[in-house]
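# A look at the structure
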Amino acid sequence: AQRVTQPEKLLSVFKGAPVELKCNYSYSGSPELFWYVQYSRQRLQLLLRHISRESIKGFTADLNKGETSFHLKKPFAQEEDSAMYYCALPVYNFNKFYFGSGTKLNVKP
Amino acid sequence: GAVVSQHPSRVICKSGTSVKIECRSLDFQATTMFWYRQFPKQSLMLMATSNEGSKATYEQGVEKDKFLINHASLTLSTLTVTSAHPEDSSFYICSASSLPAEAFFGQGTRLTVV
């Protein structure tokens, strides 16, 4: 069965420090993974997707099929990065998602 | 990007009553919309797939008689929580898409059953 795991509920770092938010998945096919972000009092929005291999707001994520991981990384965290981050696995024509439990990133000044 | 709007953003209802939540795609047509539920400090749980012109598809463990979904047009899906109880209190979020791999989420509806 498809499943997404985010082992950390909370991650606190200082501004300028590197950040890595972990995501592991379980999926029988070839996965296409996404990261969504939810800033305080805002709706869920797409941060980046594996298929496009882009870097958004300095964040990158590499799909590692051997480790079944899709960790989100940023070399230098900013205070405005503080938010909830969800790793997501799309199914059904890539519109329906199974979400991880989320990691709250807190970037301290 | 495309905009998905939910209404109301907050609703309080008495136990035993029903409440309807609307999800609209404002600038695109969506043959499929999705409803999620989010408990406090927890992740989004997919509840059901709303299909325009046909029955909704529910995820395992979701009571279809409790959570009625209607997708009457290409821009509107509604979720009705019937005979609501306090345990139904939650944050309900819908999503819609006009293209594959491009889901847009509503702002969510916070339901409180008292």
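All of these numbers come straight from a predicted model, not from anything done at the bench. (Residues numbered from 1 in each chain as written. Chains lettered and ligands numbered in written order. Predicted model: local features only at pLDDT ≥ 70, side-chain atom pairs only at ≥ 80, totals over all residues. Heavy atoms only, no water.)

What follows is about the overall build of chain B. In terms of helices and strands, chain B carries zero helices and eleven strands. Written out in order from the N terminus, the α and β elements of chain B read β-β-β-β-β-β-β-β-β-β-β. Relative to a compact globule of 114 residues, whose C-alpha radius of gyration would be 13 Å, chain B shows 13 Å and is just as compact. By its C-alpha atoms, chain B is 40 × 25 × 20 Å across when sized along the principal axes. Counting the 114 residues in chain B, one finds 52% classified as buried. Sequence separation of at least 24 residues holds for 53% of the intrachain contacts in chain B that already meet a minimum separation of 6. Total accessible area on chain B stands at roughly 5,500 Å², and carbon and sulfur atoms take up 51% of it. When the 10 basic and 9 acidic side-chain charges of chain B are each reduced to a single mean position, those positions are 8 Å apart. (Helix = DSSP H or I, 4+ residues; strand = E, 2+ residues; numbered from the N terminus. Rg over C-alpha atoms; globule rule 2.2 N^0.38 Å. Buried < 20%, exposed > 50% of the residue type's maximum accessible area, 1.4 Å probe, protein only. Contact = heavy atoms within 4.5 Å. Areas by Shrake-Rupley, 256 points an atom, 1.4 Å probe, with all protein chains shown as cover. Lys, Arg positive; Asp, Glu negative; His and termini not counted. Charge placed at Lys NZ, Arg CZ, Asp CG, Glu CD.)

For the structure shown, the criterion picks out 13 aromatic pairs over all chains. Residues F97 of chain A and F99 of chain A carry aromatic rings whose centres are separated by 6.0 Å and whose planes lie at 40 degrees to one another, so their mutual orientation is tilted. With a centroid separation of 6.3 Å and 55 degrees between ring planes, the pair formed by F28 of chain B and F104 of chain B is classed as tilted. Of this pair, F28 of chain B sits in the loop between β3 (19–25) and β4 (32–38) while F104 of chain B sits in strand β10 (residues 104–105), and the two are 76 residues apart along the sequence. Like F28 of chain B, the residue F104 of chain B is buried in the burial classification. Taken together, the ring pairs in this structure connect F34, Y36, Y86, F97 and F99 of chain A together with Y36 and F105 of chain B into an aromatic cluster. The lysine or arginine in question, K108 of chain A, covers the ring of F14 of chain A, its NZ or CZ lying 4.4 Å from the ring centre. (Phe/Tyr/Trp six-rings, centres within 6.5 Å; stacked < 30°, edge-to-face > 60°. Lys NZ or Arg CZ within 6 Å of the ring centre and 35° of its normal.)

Here we take up the environment of V62 of chain B. Along the chain, V62 of chain B turns up in the loop between β6 (57–58) and β7 (67–73). When residues no more than four places from it in sequence are discounted, the contact partners of V62 of chain B are M45, M47 and F67 of chain B.

Close approach of charged atoms lets side chains of opposite charge pair. For the structure shown, the criterion picks out five salt bridges over all chains. With a shortest N-O distance of 3.6 Å, E20 of chain A and K73 of chain A are connected by a salt bridge. One end of the pair, E20 of chain A, is in strand β3 (residues 19–21); the other, K73 of chain A, is in strand β8 (residues 72–74), and 53 residues separate them in sequence. The class for E20 of chain A is partly exposed, based on a relative accessible area of 28%. Among the residues examined, K73 of chain A registers a relative accessible area of 39% and is labelled partly exposed. D88 of chain B is the partner of K66 of chain B in a salt bridge, and the nearest nitrogen-oxygen pair spans 2.8 Å. Of this pair, K66 of chain B sits in the loop between β6 and β7 while D88 of chain B is found in the loop between β8 (76–81) and β9 (90–96), placing the two residues 22 residues apart along the sequence. Salt bridges linked by common partners bring E20, K22 and K73 of chain A together as one network. (Salt bridge = Lys/Arg side-chain N within 4 Å of Asp/Glu carboxyl O.)

Keep in mind that these numbers describe shape and distance, not what the molecule does.
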